[in-house]
Amino acid sequence: MELTKEILDGLESKIGGLESLPFAIWFLIGAALVFFMQGGFAMVETGFTRAKNAGNIIMKNLMDFCIGTVVFTFIGYSLMLGVSNGFAGKLNLDIFKDFGNYDTTAGFVFNLVFAATAATIVSGAMAERTKFISYCVYSAVISAIVYPIEAGWVWNAGGWLAQKGYIDFAGSSAIHMVGGITAFIGAAILGPRIGKYATDKKTGKKTARAIPGHSITLGALGVFILWFGWYGFNGAAATDGSGLGLIFLNTTLAPAFATVVAMIFTWIKNGKPDVSMSLNGSLAGLVGITAGCADVNPVGAIIIGVVAGFLVVIAVEVIDKVVKVDDPVGAVAVHGVNGIWGTLAVGLFAVTPKLAEDGTELLAHKGLFYGGGSELFGIQALGVGAIALWTAVTMTIVFLIIKATIGLRVKAEEEISGLDLPEHGLASSYGGFAMAPEVFLPEGYTVPLTAAVPIDQAVPVTNTASGSGTKLTKVTIITNQTKFAGLQASLDALGITGMTVTNVLGYGMQKGHTEVYRGVPVETKLLPKVQVDIVVSKIPTSSVVETAKKALYTGNVGDGKIFVYDVENVVKVRTGEEGYNALQDD
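Residues numbered from 1 in each chain as written. Predicted model: local features only at pLDDT ≥ 70, side-chain atom pairs only at ≥ 80, totals over all residues. Heavy atoms only, no water.

Caption draft 1: Spatial organisation of the overall build of the protein. Looking only at helices and strands, one finds 18 helices and 10 strands in the protein. Restricting to contacts in the protein with at least 6 residues of sequence separation, those with at least 24 account for 76%. Per element, the accessible surface of the protein, about 26300 Å² overall, is 64% carbon and sulfur. (Helix = DSSP H or I, 4+ residues; strand = E, 2+ residues; numbered from the N terminus. Contact = heavy atoms within 4.5 Å. Areas by Shrake-Rupley, 256 points an atom, 1.4 Å probe, with all protein chains shown as cover.)

Put into structure tokens, the structure is as follows:
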């Protein structure tokens, strides 16, 4: 179809609110870039968590947008941008009742993708132990009510913060801080992942343990996708070329400087540059510049980025080690802490003048360091405090209600096995690849046999020539990967001198479990298992077998098998010792 002037004029009128058709189209392209950021969040969260939860992470990021679209259509958009009383917009269903006059092409879609971003930030912080149904309920509530109301304060012309001159151009506070605070509350109420914190038996203090993600490559891909999408996130609302150019420049400078600072800081502090923390640094710089991307100059953007680089490293460690809230991806530090910093920084570095209706310059819209005094900083601090309080109160109530009704956390055995299978019937997100067995135990786990074998039960040994006079026995145990941590702890307590662990595939008499994939039954005959091989000489074979049985027994199909073999000889390569001597420590 030929685009006549009448058609173009009609399209521009339909999009509305922008100075020219090219920028109206850019507005919608920017919305598409923000939508693409959902893929970036999915990759970051998947890469920074364990492979056994990859399908669950993907589903949560997908449903953040899809559930958010449903509730934002019926409730959220009108609460955010409807006729406002200062607190919230008036509910309406004009998209159904008055479609001809509804802002369908620009405002709705643009604000929808931002709402989905606020929801999906929380997924990473609550990863690996949250019920899927509970997460869906949370996602619906934040997209329908919590985010639209506070975002309306900022971006609805009738919102009370907008009336005061509050500046958050693209959402450091309205989106990222809200997501970060919600992530902190959700992760705190949910509790840490199994094995994240170990209790010192002597002091009783808990210390943090690292649980590395399974793919730094996916995490890096996600960061690059997010950075690319952020040019639309920050720049979509620009209405002229010079403004868009400044936004693009600031959106490049801040994350680049933040990344360099995070790299150097971790290099000095830890002796080596930290890859995952450098990736977090990029995101921290992006979050920090989001509020002031159109209102600060490049010097301000650089300072915001430098501070963000320090803040993200410090905040991640404080939240993890001091506050002891388990955030697998650093969402609270990246989005919450730097969302606050970026919004307050506008009150310090804003330099772009704002004009009143009579053409006079409003000094209230200049930062403290550019002759505007403390007025704008006070407005920014007021807005940050109000939005933070609103988010903290509402989301605490939401999470506590969910916890008290349908429950917030999965069972321990489901968490250990990974959420892909129990929540989604997905044996693995990486078909054909064996997963590493779980090595962490639930807090308070009791080892079935805690004492080493008494001397009167040990096999009599005469320490003569190497290889003579001692019976050697190999015990092979095949069981579910989820049982490995408990088995290892029990065998270590028994006093074994070593074990070999192998990931294997197999099935027993039941020939695996039948799951459903894309509506079709799938027989997963070869299930992932773990094989533990132990050669014993001093410890009675019967003790090893009994200890394994106690550690593995549930009474259900799939507890495992134990095989016992005679071993002719063992040779220690380094010393040449054989038999019993080869199995002993120096």
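Caption draft 2: Layout of the sheet that holds strand E9 (residues 527-536). The antiparallel open sheet is built from four strands, whose spatial order is E6-E9-E5-E10. Strands with a single pairing partner mark the edges of an open sheet, and in this sheet they are strand E6 (500-506) and strand E10 (561-567). Neighbouring strand axes in the sheet, compared pairwise and without regard to direction, differ in orientation by 25° on average. Bridge count for strand E5 (residues 472-480) against E9 is eight bridges, and the pairing is antiparallel. Paired with Lys 474 across the strands is Val 535, a residue of E9. Sitting on the sheet, helix H17 (residues 484-494) is in contact with E5, E6 and E9, with an inclination near 10° to E9. Together, E5, E9 and E10 form the strand contacts of helix H18 (residues 541-552), whose direction differs from that of E5 by roughly 5°. (Pairing = 2+ DSSP bridges. Axes fitted to C-alpha atoms, helices over the stretch in contact; angles between N-to-C directions.)

Caption draft 3: Local environment of the confidence of the model for the protein. Here the protein shows a mean pLDDT of 85. Residues at 70 or above account for 84%. Low pLDDT, under 50, characterises residues 1-18; the predicted model gives this stretch 23 contacts beyond four residues in sequence or across chains. Low pLDDT (under 50) marks residues 449-453, which in the prediction has 14 contacts with non-local residues, meaning those over four places away or in another chain. (pLDDT = per-residue confidence, 0-100.)

Caption draft 4: A look at the packing of aromatic side chains. All told, the structure shown has 20 aromatic pairs when counted by the stated rule. Ring geometry for Phe 114 and Trp 155: centres 6.4 Å apart, planes at 70°, overall edge-to-face. You can see Phe 114 sitting in helix H5 (residues 107-125) and its partner Trp 155 sitting in helix H6 (residues 132-155), a full 41 residues away along the chain. Seen in terms of ring centroids, Tyr 138 and Phe 399 are 5.6 Å apart; in terms of plane orientation they differ by 20°. Their pairing is stacked. A residue pair is termed long-range when its members are at least 10 positions apart, and Tyr 138 in helix H6 and Phe 399 in helix H14 (residues 375-405) qualify at 261 residues. (Phe/Tyr/Trp six-rings, centres within 6.5 Å; stacked < 30°, edge-to-face > 60°.)

Caption draft 5: Geometry of the nonpolar core. Ranked by size, the top nonpolar core spans 104 residues in total, and within it Tyr 138 and Tyr 147 carry the most contacts. Setting aside residues no more than four positions away along its own chain, Tyr 147 makes contact with Met 80, Phe 114, Ala 115, Ala 118, Ile 142, Trp 155, Ala 174 and Ile 175. Membership of the second largest hydrophobic core comes to 16 residues, among which are Ile 477, Val 530, Val 532 and Ala 551. (Core = buried A, V, L, I, M, F, W, Y, C linked by side-chain atoms within 4.5 Å. Buried < 20%, exposed > 50% of the residue type's maximum accessible area, 1.4 Å probe, protein only.)

Caption draft 6: The arrangement of unusual backbone geometry in detail. A positive phi angle is found at Glu 128, which is not glycine, with a value near 80°. Tracing the chain through its elements places Glu 128 in the loop between H5 and H6. The phi torsion at Lys 324 lies on the positive side, around 60°, for a residue other than glycine. Tracing the sequence through the fold places Lys 324 in the loop between helix H12 (298-323) and helix H13 (331-349).

Caption draft 7: The packing of helix H9 (residues 216-235) against helix H10 (residues 241-270), seen in detail. At a minimum axis distance of 9 Å, the contact between H9 and H10 shows a crossing angle of 135°. The pairing of H9 with H10 is recorded here as oblique in orientation. For the crossing formed where H9 meets H10, the hand is right-handed. Only Leu 244, Ile 247, Phe 248, Thr 251, Thr 252, Pro 255 and Ala 256 of H10 make contact with H9, whose side of the interface consists of Trp 227, Trp 230, Tyr 231, Asn 234 and Gly 235. For the contact of H9 with H10, the per-class residue count stands at eight nonpolar, four polar and no charged. (Parallel < 35°, antiparallel > 145°, perpendicular 65-115°, else oblique. Left-handed = near helix turned anticlockwise from the far one by under 90°. Nonpolar A, V, L, I, M, F, W, Y, C, P; charged D, E, K, R; others polar.)

Caption draft 8: A look at the environment of Lys 366. Locating Lys 366 in the fold gives a position in the loop between strand E4 (361-362) and H14. Taking the C-alpha atoms as reference points, Lys 366 and Val 346, 20 residues apart in sequence, are found 8.4 Å from one another.

Caption draft 9: Quick look at a nonpolar patch on the surface. A surface patch of nonpolar side chains, amounting to about 620 Å² of accessible area, comprises Val 70, Phe 74, Ile 75, Leu 91, Leu 93, Phe 96 and Ile 145. When residues of the nonpolar patch are assigned to their parent elements, the largest contribution, three residues, is made by helix H3 (residues 54-81). The topology assignment puts Val 70 in helix H3. (Patch = residues over 30% accessible without salt bridge, like charges linked within 9 Å, V, L, I, M, F, W, Y side chains within 5 Å. Salt bridge = Lys/Arg side-chain N within 4 Å of Asp/Glu carboxyl O.)

Caption draft 10: Examining H10 more closely. Here H10 is 30 residues long and its end C-alpha atoms lie 43 Å apart, about the 44 Å a rise of 1.5 Å per residue gives. Of the residues flanking the end of H10, it is Gly 271, one or two places downstream, whose phi is positive at about 90°. (Expected span 1.5 Å × (residues − 1).)

Caption draft 11: Seen up close, the pattern of salt bridges. Taken as a whole and judged by the stated rule, the model has 11 salt bridges. A salt bridge links Arg 409 to Glu 415; its shortest N-O distance comes to 2.8 Å. Owing to a relative accessible area of 25%, Arg 409 belongs among the partly exposed residues under this scheme. Residue Glu 415 is classed as buried on the basis of its relative accessible area of 4%. A cluster of three or more residues bridged by salt bridges with shared partners is formed by Arg 50, Glu 128, Arg 193 and Asp 326.

Caption draft 12: Seen up close, the environment of Leu 249. One can find Leu 249 in helix H10. For the pair Leu 249 and Ala 301, spaced 52 residues apart in sequence, the C-alpha separation works out to 8.8 Å.

Caption draft 13: Main features of the packing of H12 against H13. Running from amino to carboxyl end, H12 crosses H13 at an angle of 145°, the nearest separation of the two axes being 9 Å. The hand of the H12/H13 crossing is right-handed. Residues Gly 300, Ile 303, Ile 304, Val 307, Ala 308, Leu 311, Val 312, Ala 315, Val 316 and Ile 319 of H12 lie in contact with H13, whose contacting residues are Val 332, Ala 333, Val 334, Val 337, Asn 338, Trp 341, Ala 345 and Phe 349. Its residues assigned to classes, the contact of H12 with H13 comprises 16 nonpolar, two polar and no charged.

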